[in-house]
Amino acid sequence: MPLRTFARQELMEGLLPFLLQVYTEAFSQPPYRGVDPAAFADILLRHADGPTFLGLVAEEGGQVVGFAYGYTGEPGGWWYDRVRAGLPGETAQTWLDRPFELAELAVAPHAQGRGLGAQLHDQLLALASRRHRRAVLSTLEAESRAMHLYRRRGWQVLAPRFRFMPGPTYRILGRRLAPITPAEAARCQIRPATFTDVEAIRAIAWATWTETYRGLMAPKTQGTILERWYSPEAIEAALGQGDQVFLVAEEAGAPCGFLQMRLVGPAMAELSRIYILPTYQRAGLGDRLFHQGLELLRARHRVRAVELTVEAANGPAQAFYEKHGFRKLGQATVSLAPGEPLATFRYRLELT
């Protein structure tokens, strides 16, 4: 669907009521609790007055069906000041250094489910990336359409269960708009995963699967598998397993990758999962995660070999494993869903 930009003048000339209608309809559905259109109109006009305002509107058949907007976050802003005060120092310093604040994204209920929200999101961030290296937002801490979109688009958890005032809790999310450099990646920290990382691990899995398996696996199948393997309960169960290492890589408090390696025999380990967000790839973080995970596991157990399974069509992953000395053992076909066979390779790394 074609999108176009809008600015304050167009709001004043008649666009505003149509945006308010979309906003009211979109946020009057569960899990939201309704809105105050007049208050939102004042906020939108004030934001649109700023020199860094970016807005997009979607129209279908002459009718407004969606919009999104944001601006540069700076001290003095209501949202910016409250979030900065509630984040740890390093997280605030890194992620709130003149970021693009994605203030609102709304799609009329009758136009939802067709990818319009993703289109508005992607085009707005593409415009924002010309002047910003990072974006930030807050979203209701609930399983909403918005949260599903942000997971698939690589947003990272900066703060869960954040309160602006008494009432509902929000997630503060951040997203890189430019790929990380090797120098920046070298400053990322690697630490043991904890139960507070459940949502962050879930988000990384969704984003990397969306990118990695595009064209290789039907989106519906992806969603089914991710809901099963990366539900909060499944991640908590994985974190609670013994004889393993489960690590998280993070940039200034925002998780961007994870690894799980576990003992499966007296001298055998299985590399179960290693995922890095797309904007953090090809900068050495995967190498660091793998080496640190292997070191930690070998410090506890007499590991002689590591094995793993990788999709036959996932060439980049195979290249990564072969670079680290893994050798192909054989091939198998698994069925992840009826009528969707998936060819896989089994790899093994012999340790000295």
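Please read all numbers here as calculations on a predicted model, not as lab measurements. (Residues numbered from 1 in each chain as written. Predicted model: local features only at pLDDT ≥ 70, side-chain atom pairs only at ≥ 80, totals over all residues. Heavy atoms only, no water.)

1. Focus: the sheet that holds strand β6 (residues 156–162)
Thought 1: The strand order across the open sheet formed by seven strands is β1-β2-β3-β4-β5-β7-β6, and the pairing between neighbours is mixed. Strand pairing shows two members of the sheet lacking a second neighbour, β1 (3–5) and β6, which therefore form its edges. Across the sheet, the mean angle from the axis of one strand to that of its neighbour is 25°, orientation sign disregarded.
Thought 2: With seven bridges connecting them, strand β5 (residues 134–140) and strand β7 (residues 170–176) associate as antiparallel partners. Each residue of the ladder has a partner; that of T139, found in β7, is R171.
Thought 3: Helix α2 (residues 37–48) contacts β3 (63–72) and β4 (100–107) of the sheet and is inclined by roughly 55° relative to β3.
Thought 4: In the packing of helix α5 (residues 116–128) onto the sheet, contacts are made with β1, β2 (54–60), β3, β4, β5 and β7, and the angle to β4 comes to roughly 155°. (Pairing = 2+ DSSP bridges. Helix = DSSP H or I, 4+ residues; strand = E, 2+ residues; numbered from the N terminus. Axes fitted to C-alpha atoms, helices over the stretch in contact; angles between N-to-C directions. Contact = heavy atoms within 4.5 Å.)

2. Quick word on the side chain of T139
Thought 1: Assignment of secondary structure puts T139 in strand β5.
Thought 2: What T139 contacts, discounting residues up to four positions off in sequence, is A146, M147, Y150, Y170, R171 and L173.

3. Remarks on the packing of helix α1 (residues 8–26) against α2
Thought 1: Relative to each other, α1 and α2 sit at 140°, their axes nearing to 10 Å. On the basis of their axis angle, the class for α1 and α2 is oblique. The handedness of the crossing between α1 and α2 is right-handed. Where α1 approaches α2, its residues R8, L11, M12, L16, L19, L20, Y23 and T24 are matched on the opposing element by P37, F40, A41, L44, L45 and A48.
Thought 2: When its residues are assigned to classes, the contact of α1 with α2 shows 12 nonpolar, one polar and one charged. (Parallel < 35°, antiparallel > 145°, perpendicular 65-115°, else oblique. Left-handed = near helix turned anticlockwise from the far one by under 90°. Nonpolar A, V, L, I, M, F, W, Y, C, P; charged D, E, K, R; others polar.)

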